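Residue-level listing of the chains:
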Amino acid sequence: MFYRLLSVVQRQRTSRGWQNWSSARSGVSAAEAHSVTLPAQAQVVICGGGIMGTSVAYHLSKMGWKDIVLLEQGRLAAGSTRFCAGIISTARHLSIEQKMADYSNKLYHQLEQETGIQTGYIRTGSIFLAQTQDRLISLKRINSRLNIMGIPSEIISLKKVAELHPLLNVHDLVGAMHVPEDAVVSSADVALALASAASQNAVVDADGRIYIRNWQGGILSGGFEKTPKPIFTEGKNQLEIQNLQEDWDHFEPLLSSLLRRMPELETLEIVKLVNCPETFTPDMRCIMGESPLVQGYFVLAGMNSAGLSFGGGAGRYLAEWMVHGYPSENVWELDLKRFGALQSSRTFLRHRVMEVMPLLYDLKVPRWDFQTGRQLRTSPLYDRLDAQGARWMEKHGFERPKYFVPPDKDLLALEQSKTFYKPDWFDIVESEVKCCKEAVCVIDMSSFTKFEITSTGDQALEILQYLFSNDLDVPVGHIVHTGMLNEGGGYENDCSIARLNKRSFFMISPTDQQIHCWAWLKKHMPKDSNLVLEDVTWKYTALNLIGPRAVDVLSELSYAPMTPEHFPSLFCKEMSVGYANGIRVMSMTHTGEPGFMLYIPIEYALHVYNEVMSVGQKYGIRNAGYYALRSLRIEKFFAFWGQDLNTLTTPLECGRESRVKLEKGMDFIGRDALLQQKQNGVYKRLAMFILDDHDTDLDLWPWWGEPIYRNGQYAGKTTSSAYSYTLERHVCLGFVHNFSEDTGEEQVVTADFINRGEYEIDIAGQRFQAKAKLYPVASLYTHRRRKDDVELSDLHGK
């Protein structure tokens, strides 16, 4: 079926221009649609004949699948692909999106030669304009990431902008980025067969909210307005996406921006205003992957107006997923299972998508938050914490405190603080961290995913031993840190499991793992009525008591000794706290600091919190948020799933060999891959980097995704970072690779290789020296010292 579609497209290419080509297609596709008899079965049925559907079909055929049926309810490429501007841009914020766009660019470049069908591919290059210094910083960060991928890119002067595109008005610009191998193409169906395009640089003026490219001897310009209009909100189904009624008033701000950027266009005639609908997702990232509810049902949709740029790469990754069971890259940021039923509310989608579309061209600063669809999932303590100055962020629809604003702080100024430099909340988080280290803090961590696995016999232990890499056959009351691995040994989940009794286990996972983890467990669990998996996330409020005085608070509230002799590390016990019974108390904090996690039945949450805060007053207790938690866990070298760990990261690559039962002779998913890796060595290793010559007050901050250089050569990227208030330096986590200088191939990474290197972290084009470590700084676990007292020897790996 796939090759039959290719021949149809080839016949349709006899006419030039979209309108002629469209009408020619109308007769052909309508006739053939009624004459083709659908087969009774197929290896795969793809619904949707736009760029995504045809890309998946193309890649599946390349991987050996032949029994492919592609269905389109209207005409091929008559959906959003039809109105695509045709700009292929690799300048993206997410690494996986950069990789998809780069692959698409290379695929489209050779597709015409491969198929004999004209694609209109022209390597024009793109210019990205900056009207503000913050926008220029954002471009510099993207430029650094493009360079390490081997994609030519550079920050250019305004003089160079004028040389590349003489019609542009540059008087209000502060700089620009040039990506010379970006391209334009005429979007269409399987082979992207459309008319030719022009050869001058495409322009993106994100601050002006517009893009510009040459089009058949003229100019094609569009953009993303601040006040979008939702359509099809009642789920109306159209056979084809049609050009909507012209709305010049709505387009006027974009037109004004275009004329400011290219004043000479004032005298030209506007031929046509195209007003077409486009699909957007709740988080501005496309949707990819297998449904958690229907096995074998895959989705690739919601391209947020970047379908052409992502089409080739996204189609490839989904085809790999379908054929091999997993894609060749980590695509968790795009995985369908990052969403749940809570994001499918029509009201939520209407409001969020109206916010998302303008954000596509808005400046992306670190730690920004969506404003719509909020207060959807909250802890029972939300109102109490909000009244005490909590500032909120959202994760998987769950409100989580970032930090707590003291009464004397200017709240409005703090809320509007958005910067790549030292943030205004710096001092607030510092005081929370200090309290965690010297007294006691409370962090509401109710958002964490929580499951209970029980059985009538030994089935729960048997299946969990197979699904998890660490040994769970521990005494009742013990907690095990473990990973749920895939066949390649990579982390599908990183979690803590407490054994409640002989046949019952309590599992704690990252917040956004709720759907993914559930689907993975259900997929691998036997269909046995004696084995029960229950999502109990909503049943428990979780309070994290962090600090040396946490033991005093809990001892006083429980009338029980809580010292390490009576309550050892990684131990779980149901206790009374205040008047409330059945509180699951665990001696861990997810930070490396002393303290306890309290899992409280929700009806007792307010009572327990009030009691903790009341008793804790004499011990200096205060609320804290996730920013303090982040600082504490990163300086202690605690890696988190979804930030530092993913499906392509193994325990051997991040120093977690002790959490794997390789020597116990028990089978588990991923064991064979880990045994092979242990024999051959690892090709990347998670390390901790402490910046040396970085000025926290004046220099740009590292946030995530910064290139790592070893002895002047690119060696990896940071995965997360935070300021350590103990070391008074920035700390980054990231993976170090050993790329051959001759071939670029990856080679084995040893501890000696890490320790012998001289490192730099690239922050928006400026490199800062850093010390690499494979273990946490020893002084953080012994006694506190001033920055000047921290010996450099402490900053090297053991």
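Use the structure listed above.
Residues numbered from 1 in each chain as written. Predicted model: local features only at pLDDT ≥ 70, side-chain atom pairs only at ≥ 80, totals over all residues. Heavy atoms only, no water.

Student: Help me understand a nonpolar patch on the surface in this model?
Tutor: On the surface, a nonpolar cluster with roughly 250 Å² of combined accessible area is contributed by Leu 38, Val 45 and Leu 71. Within the secondary structure layout, Leu 71 lies in strand β2 (residues 68-71). (Patch = residues over 30% accessible without salt bridge, like charges linked within 9 Å, V, L, I, M, F, W, Y side chains within 5 Å. Areas by Shrake-Rupley, 256 points an atom, 1.4 Å probe, with all protein chains shown as cover. Salt bridge = Lys/Arg side-chain N within 4 Å of Asp/Glu carboxyl O. Helix = DSSP H or I, 4+ residues; strand = E, 2+ residues; numbered from the N terminus.)

Student: Would you take a moment to explain the pairing of strand β29 (residues 729-739) for this structure?
Tutor: For a regular strand, the rule is simple: side chains alternate between the two faces of the sheet. In terms of residue burial, β29 counts as a mostly covered element, since 10 of its 11 residues are buried. Of the strand pairs in this sheet, strand β26 (residues 684-691) and β29 are connected by 7 bridges, and their pairing is antiparallel. Across the sheet, Ile 690 pairs through a bridge with Val 731, a residue of β29. The pairing of strand β28 (residues 713-724) with β29 spans 6 bridges and is antiparallel. In the strand pairing of β29, Ser 720 is matched with Leu 733. Where β28 folds back on β29, the antiparallel hairpin that results is connected by 4 residues, among which Glu 728 adopts a positive phi of roughly 55 degrees. The pairing of β29 with strand β30 (residues 746-747) spans 2 bridges and is antiparallel. Opposite Phe 739, over in β30, you have Glu 746 as the bridge partner. In this structure, the hairpin formed by β29 and β30 is closed by a connection of 6 residues, where Gly 744 is found at a positive phi of approximately 80 degrees. (Buried < 20%, exposed > 50% of the residue type's maximum accessible area, 1.4 Å probe, protein only. Pairing = 2+ DSSP bridges.)

Student: What's the story with the sheet that holds strand β19 (residues 504-509) in this structure? I'm lost.
Tutor: One key point about sheets: their strands pair by backbone hydrogen bonds, in either a parallel or an antiparallel sense. Strand order in the open sheet formed by 5 strands is β17-β18-β19-β16-β20, and the pairing between neighbours is antiparallel. Among the strands making up the open sheet, the edge pair consists of β17 (479-485) and β20 (531-535). Between one strand axis and the next, the sheet turns through 25 degrees on average, direction left out of account. Summarising the sheet, β17 and strand β18 (residues 491-501) pair through 7 bridges and their orientation is antiparallel. Across the sheet, Ile 479 pairs through a bridge with Ala 498, a residue of β18. Set on the sheet, helix α13 (residues 459-467) makes contact with β16 (449-455), β17, β18, β19 and β20; between it and β16 the angle comes to about 130 degrees. (Axes fitted to C-alpha atoms, helices over the stretch in contact; angles between N-to-C directions. Contact = heavy atoms within 4.5 Å.)

Student: Would you mind showing me how to read the packing of helix α4 (residues 95-115) against helix α8 (residues 307-324) here?
Tutor: If you want to describe how two helices pack, look at the angle between their axes and the distance between the axes. Taken N-terminus to C-terminus, the directions of α4 and α8 make an angle of 100 degrees; their axes are 6 Å apart at the nearest point. In terms of axis orientation, α4 runs roughly perpendicular to α8. Listed contacts from α8 to Ile 96, Glu 97, Lys 99, Met 100, Ala 101, Tyr 103, Ser 104, Leu 107 and Tyr 108 of α4 are Leu 308, Ser 309, Phe 310, Gly 311, Gly 312, Gly 313, Ala 314, Arg 316 and Tyr 317. Its residues placed into classes, the contact of α4 with α8 shows 10 nonpolar, 5 polar and 3 charged. (Parallel < 35°, antiparallel > 145°, perpendicular 65-115°, else oblique. Nonpolar A, V, L, I, M, F, W, Y, C, P; charged D, E, K, R; others polar.)

Student: I would appreciate a short explanation of the side chain of Ser 153 in the present structure.
Tutor: Structurally, Ser 153 is set in the loop between α5 (133-148) and β5 (154-156). Looking at Ser 153, the relative accessible area reads 12%, which means it is buried.

Student: Would you mind showing me how to read the sheet that holds strand β9 (residues 210-215) here?
Tutor: The strand order β5-β6-β4-β8-β9-β10 describes an open sheet built from 6 strands, whose pairing is mixed. With one partner strand each, in any of the chains shown, β5 and β10 (218-223) form the two edges of the open sheet. Strand-to-strand, the axes of this sheet are offset by a mean angle of 25 degrees, without reference to chain direction. Across 5 bridges, strand β4 (residues 126-130) lies against strand β6 (residues 175-179) in antiparallel orientation. What sits directly across from Ile 127, in β6, is His 178. The sheet contacts of α5 involve β4, β5 and β6, and relative to β6 the element is tilted by about 25 degrees.

Student: Hey, could you run me through the pattern of salt bridges in this one?
Tutor: Side chains that differ in sign of charge can pair as their charged atoms come close. For the structure shown, the criterion picks out 37 salt bridges. Note that Arg 261 and Asp 205 form a salt bridge whose closest N and O atoms lie 2.9 Å from each other. Remark: Asp 205 occurs in strand β8 (residues 202-205) and Arg 261 occurs in helix α7 (residues 248-261); sequence separation between them is 56 residues. Of the two residues, Arg 261 and Asp 205, neither departs from the other in class, the shared state being buried. One salt bridge connects Arg 656 with Asp 494, and the closest N-O pair in it is separated by 2.9 Å.

Student: Quick question: what am I supposed to make of the side chain of Arg 338 here?
Tutor: Of note, Arg 338 is situated in the loop between α8 and α9 (346-359). In this structure the side chain of Arg 338 is engaged in a polar contact, spanning 2.7 Å, whose partner is the side chain of Asp 283. A polar contact is formed between the side chain of Arg 338 and the backbone oxygen of Glu 333, at a distance of 3.5 Å. In this structure Arg 338 touches Thr 281, Asp 283, Arg 285, Cys 286, Ile 287, Trp 332, Glu 333, Gln 343 and His 396, once residues within four positions along its chain are discounted. (Polar contact = N/O pair within 3.5 Å; in protein donor to acceptor, adjacent residues only side chain to side chain.)

Student: Would you take a moment to explain empty space enclosed by the protein for this structure?
Tutor: One water molecule sets the probe size; rolling that probe over the atoms shows where empty space is left. Applying the stated criterion across every chain, the model contains 5 cavities of 30 Å³ or more. Taken as a whole, the largest cavity holds about 110 Å³ of empty space. If you trace the largest cavity, you find 15 residues lining it, with Arg 367, Trp 425, Trp 701, Ala 722 and Tyr 723 closest to the centre. A class-by-class count of the residues in the lining of the largest cavity yields 10 nonpolar, 3 polar and 2 charged. (1 Å grid on protein atoms, 1.4 Å probe; cavity = no way out; pocket = protein on both sides within 12 Å on 5 of 7 lines; lining within 4 Å. Points joined across faces, edges and corners; volume = space filled by probe spheres on them.)

Student: What's the story with the pairing of β9 in this structure? I'm lost.
Tutor: Across the 6 residues of β9, 5 count as buried, placing the element largely inside the fold. By the bridge criterion, 3 bridges tie β8 to β9 in an arrangement that is antiparallel. Bridging from a neighbouring strand, Val 203 pairs with Ile 212 of β9. Hairpin connection from β8 to β9: 4 residues lie between these consecutive antiparallel strands, with Arg 209 at a positive phi of about 70 degrees. Where β9 lies against β10, 6 bridges are found, and the strand directions are antiparallel. Paired with Arg 213 across the strands is Leu 220, a residue of β10. Taking the residues between adjacent antiparallel strands as the criterion, β9 and β10 are bridged by 2 residues, where Gln 216 takes a positive phi near 50 degrees.

Student: What is the right way to read the nonpolar core from this model?
Tutor: What tends to happen in soluble globular proteins is that the nonpolar side chains get buried as a cluster. Counting 38 residues, the largest nonpolar core has Val 429, Phe 506, Met 586 and Tyr 599 as the members making the most contacts within it. Looking at this core, the elements that each hand over two or more residues are α12 (426-438), β15 (441-444), β19, β21 (540-546), β24 (595-601) and α17 (626-635). Apart from the residues within four sequence positions on either side, Met 586 is in contact with Ile 479, Ala 498, Phe 506, Ile 508, Phe 567, Phe 571, Cys 572, Gly 595, Phe 596, Met 597 and Tyr 599. (Core = buried A, V, L, I, M, F, W, Y, C linked by side-chain atoms within 4.5 Å.)

Student: Just checking my understanding: could you explain the environment of Gly 457 for this structure?
Tutor: Looking at where Gly 457 falls in the secondary structure, it is placed in the loop between β16 and α13. Sequence-wise, Gly 457 and Asn 530 are 73 residues apart; in three dimensions their C-alpha atoms are separated by 7.5 Å.

Student: Mind showing me how you'd approach helix α18 (residues 671-680) here?
Tutor: By the burial criterion, the buried members of α18 are Arg 671, Leu 674 and Gln 677. Down the axis, α18 shows its buried residues gathered within 125 degrees of arc, on one side only. When the buried face of α18 is taken as reference, the exposed residues oriented beyond 90 degrees from it are Asp 672 and Gln 679. The inward-facing, buried residues of α18 abut β17. With its phi angle positive at about 95 degrees, Gly 681 sits one or two positions after the end of α18. (Arc of directions from axis to C-beta.)

Student: I tried to follow unusual backbone geometry on my own but got confused; where do I start?
Tutor: The phi torsion of most residues other than glycine is negative, and most of the peptide bonds are trans. At Asn 304, a residue that is not glycine, the phi angle is positive and equals roughly 50 degrees. Its identity as a non-glycine residue notwithstanding, Asn 711 has a phi of 50 degrees, on the positive side. Structurally, Asn 711 is set in the loop between β27 (707-710) and β28. Residue classification places Asn 711 among the partly exposed positions, given a relative accessible area of 43%.

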